[in-house]
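Commentary on secondary and tertiary structure
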Amino acid sequence: MKQTIALVDDDRNILTSVQMTLEAEGFVVRTYTDGESALQALLAKPVDLAVLDIKMPRMDGMELLQKLRARSALPVIFLTSKDDELDELMGLRLGADDYITKPFSQRLLLERIRALLRRHESTRAEASGAAPASVLTRGDLTLDETKHQCLWKGKDIQLTVTEFLLVKSLAQRPGMVKSRDQLIDAAYGENVYVDDRTIDSHVKRLRKKFRNVDGEFDQIETLYGIGYRYKDV
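Just so you know, these numbers come straight off a predicted model, no measurement behind them. (Residues numbered from 1 in each chain as written. Predicted model: local features only at pLDDT ≥ 70, side-chain atom pairs only at ≥ 80, totals over all residues. Heavy atoms only, no water.)

Things to note about the overall build of the protein chain
On a plain count of helices and strands, the protein chain comes out with 8 helices and 12 strands. Counting the 233 residues in the protein chain, one finds 51% classified as buried. At a minimum sequence separation of 6, the contacts of the protein chain that also span at least 24 residues come to 58%. In the structure as shown, the protein chain presents an accessible area of about 11,500 Å², 48% of it carried by carbon and sulfur atoms. (Helix = DSSP H or I, 4+ residues; strand = E, 2+ residues; numbered from the N terminus. Buried < 20%, exposed > 50% of the residue type's maximum accessible area, 1.4 Å probe, protein only. Contact = heavy atoms within 4.5 Å. Areas by Shrake-Rupley, 256 points an atom, 1.4 Å probe, with all protein chains shown as cover.)

Okay, structure coming up:
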């Protein structure tokens, strides 16, 4: 079955050119020129991945992402203006999985889309015949890959694909330090470039999500200048 991508951007030239590229690669593409119409459509008929511009009429990309995140873990890539670091950081803190800066190479966008879809599919493996190793337990933490479910002290925590893979990478080896480069490889795959602040923003959001259900949560430790580790249990 073909995978469906939603493109949300008020620049019709970008919509048309990216749509043609993705359809040539076998994707089904839906396009929207504002956040409000996109939100209604995506909630009514979900897609496999969304590419969102930030600056749009009626509802900008930030608000759209926030409303989507309240309802789903849909993989999302942000399109940001060149040198607009604040937009990138805010998007990651709201739960975007990745971002690309305009102007961008359509080949790069295609590679990022494919990489994110692969990561998303790996966390949604069919439960039938799944190996017991698909469930990882570390003290009060339970990660179930087949259900894309994260539990802390029995309470469900909604994670994006990237967040889930980061927690999994850290929790697999408690007490062991993971550098930012190692976490980038775990969450994004090899040969995908993102900078250090991307991982830092994801970790901040992860801590906030866990502390929303447990104010004492302190399992993800920062080792300044080195990386992060999951506290040994």
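What to know about the UniProt feature "modified residue: 4-aspartylphosphate" (unreviewed entry) in the protein chain
When the UniProt feature table is mapped to this numbering, "modified residue: 4-aspartylphosphate" (unreviewed entry) covers Asp53. Beyond its immediate chain neighbours, meaning those up to four positions away, Asp53 contacts Val8, Asp9, Asp10, Gly61, Phe78, Leu79 and Lys102. (UniProt positions renumbered as here; feature names shortened; annotations may be inferred.)

Examining the sheet that holds strand β4 (residues 76-80)
In spatial order, the strands read β2-β1-β3-β4-β5; together these 5 strands make up an open sheet with parallel pairing. With partners counted over all chains shown, the strands left at the sheet margins are β2 (28-32) and β5 (98-101), one partner each. Put simply, the sheet's adjacent strands are angled 20 degrees from each other on average, direction ignored. (Pairing = 2+ DSSP bridges. Axes fitted to C-alpha atoms, helices over the stretch in contact; angles between N-to-C directions.)

What to know about the packing of aromatic side chains
By convention here, two paired aromatic rings are described through the distance between centres and the angle between planes. Inspection of every chain in the model, using the stated rule, returns 3 aromatic pairs. Residues Trp152 and Phe210 carry aromatic rings whose centres are separated by 5.9 Å and whose planes lie at 90 degrees to one another, so their mutual orientation is edge-to-face. Note that Trp152 is positioned in strand β8 (residues 149-152) and Phe210 in helix α8 (residues 196-213), a separation of 58 residues in sequence. Judged by centre distance (5.0 Å) and plane angle (85 degrees), the ring pair of Trp152 and Phe217 falls under edge-to-face. (Phe/Tyr/Trp six-rings, centres within 6.5 Å; stacked < 30°, edge-to-face > 60°.)

Considering unusual backbone geometry
Following Lys102, the chain continues to Pro103 via a peptide bond in cis, the omega torsion being -10 degrees. Checked against the element boundaries, Pro103 lands in the loop between β5 and α5 (106-122). Here Arg58, not a glycine, exhibits a phi torsion of approximately 70 degrees, which is positive. Tracing the chain through its elements places Arg58 in the loop between β3 (49-53) and α3 (61-69). One non-glycine residue, Lys153, adopts positive backbone phi at about 55 degrees. In this fold, Lys153 is placed in the loop between β8 and β9 (155-156).

Description of the confidence of the model for the protein chain
Overall, the prediction assigns the protein chain a mean pLDDT of 84, with 86% of residues at 70 or greater. Across residues 126-132 the pLDDT falls below 50, and counting only partners more than four positions away or on other chains, this stretch makes 3 contacts in the model. (pLDDT = per-residue confidence, 0-100.)

So, the sheet that holds strand β12 (residues 227-230)
With respect to topology, 3 strands assemble into an open sheet ordered β10-β12-β11, the strand pairing being antiparallel. Two strands bound the open sheet, and with one partner strand each, they are β10 (178-179) and β11 (220-223). As paired strands, β11 and β12 are joined by 4 bridges and run antiparallel to one another. From the neighbouring strand, Ile220 faces β12, where its bridge partner is Tyr230. Here helix α6 (residues 161-172) sits on the sheet and contacts β10, β11 and β12; the angle it forms with β12, its principal contact strand, is near 70 degrees.

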